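Notes for the structure review
Each chain is listed here by its residues.
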Amino acid sequence: MSILIRNVRLDDEVTDVFIRGNRFERIGPDLDIEAEKVLDGRGKAILPSFVNGHTHAAMSLLRGYADDMELHTWLTRYIWPLEARLTEEDVYAGTRLACLEMIKSGTTFFNDMYWHWTGTARAVEEMGLRAGLSSVFIDFGDPGTAERHWQECRELFAASREYSKRISFLLGPHSVYAVSADSLRRIRDFALEQDLLIHIHLSETEKEVRELEKQLGKRPVEYLDDLGLLGPNLVACHCLWLNEQEIELLAEKRVKVIHNPVSNMKLCSGGFPYARLRRKGVAIGLGTDGCSSNNNLDMLEEMKFASLAAKDRSGDPTLMPAAEIFAAATLSGAEIFGLEAGRIREGYLADCILVDLGHHRLTPNHNLISNLVYAANGDCVQTTICDGKILMSDQVVDKEEEILAQAGERARKLNGLKN
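Residues numbered from 1 in each chain as written. Predicted model: local features only at pLDDT ≥ 70, side-chain atom pairs only at ≥ 80, totals over all residues. Heavy atoms only, no water.

**Quick word on the packing of aromatic side chains**
Going by this rule: Here a pair means two rings of Phe, Tyr or Trp (six-membered ring of Trp) with centres within 6.5 Å. Their orientation is stacked below 30 degrees between planes, edge-to-face above 60, and tilted elsewhere. Secondary structure follows DSSP: runs of H or I at least 4 residues long count as helices, runs of E at least 2 residues long count as strands, and numbering of each begins at the N terminus. The buried label applies to any residue whose accessible area, calculated with a 1.4 Å probe on protein chains only, is under 20% of its type's maximum; exposed applies above 50%, and partly exposed to all values in between. Note on geometry: a ring has a charge over it if NZ (lysine) or CZ (arginine) is within 6 Å of the ring centre and within 35 degrees of the ring normal.
This structure, assessed with the given rule, holds nine aromatic pairs. Both rings, one in F137 and one in W150, keep their centres 6.5 Å apart while their planes meet at 65 degrees; by these two values the pair is edge-to-face. Note that F137 is positioned in strand 8 (residues 130–137) and W150 in helix 4 (residues 143–160), a separation of 13 residues in sequence. Pair check on accessibility: F137 and W150 agree, each one buried. Every member of this aromatic cluster is reached through a ring pair, and the members are W117, F137, W150, F157, Y163, F169 and F190. A cation over an aromatic ring shows up here: R122 above the ring of Y92, its NZ or CZ 4.0 Å from the ring centre.

Written as structure tokens, this is what we have:
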């Protein structure tokens with residue numbers, strides 16, 4: 001497949017962009033090239049698409065299900081009991097709905113942690129996105145449960161090789177409070193053996209930190225360091241309750257951190273120590289978390305909340321400027337997950353969006369990146385391209401009505417509603 005986008009704005013110039021296969025092959029004005037598909041880029045800007053660094057895609061079925069609660073109450077009394085009833089077909093339907101929402105708002109890669117891995121993978125394959133899919137591991141210290149999850153993990157890793165290169169397999173220990181030390185060590189060793197990323201919730205609440213200190217006399221980051229899990233292959237999500245020693249450890253071990261501002265604010269989990277992490281050079285990406293704690297997957301909205309929360313928390317209006325958070329949502333996210341993406345550049349993966357410069361939220365256009373961070377929402381995205389394939393054109397995604405109907409029906413049955 002080849003695509004030629006003519007007369008599109010790239011940075012401050014109008015140019016043509018030629019895509020062959022899944023890469024940007026040529027960029028320049030008035031390209032004399034034939035393509036199977038030609039897009040008119042007039043009045044539009046081309047930008048890298050978004051990388052959602054942490055979510056639980058199928059939780060789109062739980063949007064609005066259990067709001068306005070403290071995290072541990074929300075998780076243990078409402079979310080986990082309902083998730084125990086999920087089937088693979090529920091997860092498939094919920095993930096298709098999530099993929100639809102992400103395509104509509106310009107996200108082409110998401111890092112996921114959820115049950116029924118194959119249901120998620122099937123939906124991602126069909127929808128054409130990229131994803132890092134974690135095999136969830138929770139044992140609460142029970143050896144029998146740990147062994148069952150470990151066997152499933154190894155089987156899923158083997159099965160993951162049958163999927164396209166758009167899907168990568170990650171290990172997903174839920175958290176230090178939900179996974180035993182023995183299991184964390186096994187995960188560490190398997191990740192090193194197979195060169196895999198590890199995806200974990202870390203220091204999300206003060207309760208998590210205080211309880212571990214009470215039990216072991218250590219904080220979560222120190223505990224993971226003692227177990228040998230801190231390293232460049234660890235993707236640590238949330239990271240709100242950190243002291244200076246822990247930040248030093250994260251920086252020293254080159255751990256990747258994913259910020260989830262909307263979820264954290266909604267659950268009152270704590271404030272993200274952005275300035276302290278940035279000063280130490282910690283790699284930071286951006287994620288939405290799942291739809292039951294956000295309640296959407298719009299990375300444009302997430303960028304605004306991230307920037308405003310950093311400014312408000314610090315009292316410094318210059319902190320986390322628009323260009324910086326845009327990079328966290330695109331280039332930095334791509335680098336965290338090993339993708340040659342996040343830039344509109346020859347040779348890079350053809351993952352991109354076209355935004356409508358005539359949209360009322362982007363008018364006037366004094367600074368496009370500032371507009372995207374502080375003014376835009378997903379409705380400004382006109383076209384989404386992933387891996388050189390057009391997933392949305394003129395804001396239309398294939399099978400939208402079917403996806404919405406299927407997800408609605410699954411959610412109603414899951415919650416015991418007849419209509």
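**Things to note about unusual backbone geometry**
N294 connects to N295 through a cis peptide bond whose omega is 25 degrees. Along the chain, the position of N295 falls in the loop between strand 13 (284–286) and helix 11 (299–314). A cis amide bond, omega -5 degrees, links T363 with the succeeding residue P364. With a phi close to 65 degrees, Q395 is a non-glycine residue in the positive phi region. Its location among the elements puts Q395 in the loop between strand 16 (389–392) and helix 15 (400–414). The partly exposed category is assigned to Q395, whose relative accessible area is 32%.

**Points about helix 4**
We count it as follows: To estimate the expected span of a helix, count its residues, drop one, and scale the result by 1.5 Å. Here the arc refers to the directions that run from the helix axis out to each C-beta atom. The contact criterion used is simple: two residues touch if any of their non-hydrogen atoms lie within 4.5 Å.
Helix length check: helix 4, at 18 residues, gives a terminal C-alpha distance of 25 Å against a target of 26 Å (1.5 Å per residue), a fit within 8%. Taken as a whole, helix 4 has its buried residues at T145, A146, H149, W150, C153, L156, F157 and S160. Down the axis of helix 4, the buried side of the element spans an arc of 130 degrees, and every buried residue falls inside it. Summarising the contacts, the buried residues of helix 4 are in contact with helix 3 (117–127), strand 8, strand 9 (167–173) and helix 5 (181–194).

**With respect to the side chain of N264**
Counting through the fold element by element, N264 comes out in helix 9 (residues 261–266). For N264, a relative accessible area of 2% translates into the label buried. In this structure, N264 is in contact with E204, H238, L240, H259, S269 and G270, ignoring residues within four places of it in sequence.

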